[in-house]
Amino acid sequence: MNTKINKILKKKNKSKILCLTAYSKNFAEEIDKYVDITLVGDSLGSVLYNYKSTKKVTLTNIIDHSKSVRLGVKKSLMVVDMPYNTYNSNKTALKNAKKIIKETKCDAVKLEGGKKIISQIRYLIKNKILVMGHLGLLPQTAKGKFKSKGRSDKEKKQLISDALLLQNNGVFAIVIECVRTSTAKEITHSLKIPTIGIGSSVFCDGQVLVTDDLLGLNNSNIRFVKRFINIKKYIKLGLRKFMSEVKLKKYPSKKYSY
Ligand code: KIV
């Protein structure tokens, strides 16, 4: 077993697992210092390209961004999302997962879904690919307005059964997105592997967020997003200083000239 994954598994019931998204080297370099998992999420479609849905993110998009992220990730586990339509069958899933791993040197891939994609997940794991699961709200296949999951007893049962299925087939952790508190808590308690929550309460073993959201770079009004800092204020400060010094001919001074 991968030693980074072992360290993450040992954190269950002990300390929180931290995971953040990165789409490029400079961000990855900073994020890597603090997290257990750096995720190249297909959320890059909406964050960087204004796509309405992650369905438009291609294999080339995710590979290109992951190559850049790889340059910044030194210590954390690097996980890459398999885009929509890239794991429709066992063979396609394996071919694309191998391509992602070969070209980006990532440690693992993440796929959205439970029972419906268990055959692909089993096939990847049989072929020694490390897989992270993703249950609850599944942005790649969600229709209409995003709603929280696990509210009815039926949905709760289905989610717990999917989570156990993923665990029993070898995924090392599961992202639980937008799941009602009591359901997320029960899923987490039912599993030996860690759950990584996003919009799924404090009871998950870990927490993931889109980095641009927590830094205040995105104008998202999603309920679970907390802006921990307004980084745009600092960007504005830097840009204004630059503009002013250029206009006043203070920059570039002798020190910055040849
Ligand atoms: O695409 C993504 O960034 C994700 C996380 C938000 C879990 O899947």
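Data block above holds the structure.
Residues numbered from 1 in each chain as written. Predicted model: local features only at pLDDT ≥ 70, side-chain atom pairs only at ≥ 80, totals over all residues. Heavy atoms only, no water.

Engineer: Help me understand the overall build of the protein chain in this model?
Structural biologist: Counting its secondary structure elements, the protein chain contains 10 helices and 8 strands. The C-alpha radius of gyration computed for the protein chain amounts to 20 Å, which stays within 12% of the reference 18 Å derived for 258 residues, consistent with globular compactness. In terms of overall dimensions, the protein chain has C-alpha extents of about 65 × 40 × 35 Å along its principal axes. By element, 56% of the accessible surface of the protein chain is carried by carbon and sulfur atoms, the whole surface being about 14,700 Å². In the protein chain, 52 positive and 19 negative side-chain charges are present, and the distance between their average locations comes to 2 Å. (Helix = DSSP H or I, 4+ residues; strand = E, 2+ residues; numbered from the N terminus. Rg over C-alpha atoms; globule rule 2.2 N^0.38 Å. Areas by Shrake-Rupley, 256 points an atom, 1.4 Å probe, with all protein chains shown as cover. Lys, Arg positive; Asp, Glu negative; His and termini not counted. Charge placed at Lys NZ, Arg CZ, Asp CG, Glu CD.)

Engineer: How do you make sense of the side chain of Glu112 when you look at a structure like this?
Structural biologist: If you trace the backbone, Glu112 turns up in the loop between strand 4 (108–110) and helix 6 (118–126). Buried and unpaired, Glu112 has no salt bridge, with Lys110 as the nearest side chain of opposite charge at 4.7 Å. Of the polar contacts made by the side chain of Glu112, one reaches the backbone nitrogen of Gln140; its length is 2.9 Å. Sequence-distant contacts of Glu112, defined by excluding residues within four places in its chain, comprise Asp42, Tyr87, Ile117, His134, Leu138, Pro139, Gln140 and Thr141. (Buried < 20%, exposed > 50% of the residue type's maximum accessible area, 1.4 Å probe, protein only. Salt bridge = Lys/Arg side-chain N within 4 Å of Asp/Glu carboxyl O. Polar contact = N/O pair within 3.5 Å; in protein donor to acceptor, adjacent residues only side chain to side chain. Contact = heavy atoms within 4.5 Å.)

Engineer: Is there a simple way to explain the pattern of salt bridges in this structure?
Structural biologist: Pairs can form between side chains of opposite charge once their charged atoms are near each other. Within this structure, the stated rule accounts for 8 salt bridges. Here Lys4 ties to Asp107 by a salt bridge, and the two come within 4.0 Å at their closest N and O atoms. Of this pair, Lys4 sits in helix 1 (residues 3–10) while Asp107 sits in the loop between helix 5 (90–104) and strand 4, and the two are 103 residues apart along the sequence. Among the residues examined, Lys4 registers a relative accessible area of 24% and is labelled partly exposed. Note on Asp107: relative accessible area 18%, which makes it buried. One salt-bridge network, in which partners are shared between bridges, spans Lys67, Lys99 and Glu103.

Engineer: What is the right way to look at the packing of aromatic side chains in this model?
Structural biologist: The geometry of two aromatic rings is summed up by the distance between their centres and the angle between their planes. Enumeration according to the criterion identifies 3 aromatic pairs in this entry. Ring centres 5.5 Å apart and planes at 20 degrees place the aromatic pair Tyr49 and Tyr51 in the stacked group. Through a chain of ring-to-ring contacts, three or more aromatic side chains come together here, namely Phe242, Tyr251 and Tyr256. In this structure, Lys55 is placed above the aromatic ring of Tyr84, and the distance from its NZ or CZ to the ring centre is 5.1 Å. (Phe/Tyr/Trp six-rings, centres within 6.5 Å; stacked < 30°, edge-to-face > 60°. Lys NZ or Arg CZ within 6 Å of the ring centre and 35° of its normal.)

Engineer: What exactly am I supposed to notice about the site of the ligand here?
Structural biologist: Taken together, Thr21, Leu39, Gly41, Asp42, Ser43, Asp81, Lys110, His134, Val175 and Ile198 are the residues near the ligand. Separating an oxygen atom of the ligand from a side-chain N or O atom of Asp42 is a distance of 3.0 Å. Within the contact set of the ligand, an oxygen atom lies 3.1 Å away from a side-chain nitrogen or oxygen of Asp81. Residue composition of the shell around the ligand, grouped by class: 3 nonpolar, 4 polar and 3 charged. (Near = heavy atom within 4 Å. Nonpolar A, V, L, I, M, F, W, Y, C, P; charged D, E, K, R; others polar.)

Engineer: Hey, could you run me through the sheet that holds strand 4 in this one?
Structural biologist: Strands in a sheet are paired, the pairing made by backbone hydrogen bonds, and the direction either parallel or antiparallel. Here 8 strands make up a closed barrel; going around it, the order is 1-2-3-4-5-6-7-8 and the pairing parallel. Taking the axes of each pair of neighbouring strands and ignoring which way they run, one obtains an average angle of 25 degrees across the sheet. Where strand 7 (residues 195–198) and strand 8 (residues 206–209) come together, 2 bridges link them in parallel fashion. Bridge pairing links Ile196 to Gly206 in strand 8. Sitting on the sheet, helix 7 (residues 153–168) is in contact with strand 5 (131–136) and strand 6 (174–177), with an inclination near 175 degrees to strand 5. (Pairing = 2+ DSSP bridges. Axes fitted to C-alpha atoms, helices over the stretch in contact; angles between N-to-C directions.)

Engineer: Would you mind going over the state of the cysteines with me for this structure?
Structural biologist: Where two cysteines share a covalent bond between their sulfur atoms, that bond is called a disulfide. Following the criterion strictly, the structure yields 0 disulfides and no others. Here Cys106 is not disulfide-linked; the sulfur of Cys19 is the nearest cysteine sulfur, at 13 Å. (Disulfide = S-S within 2.5 Å.)

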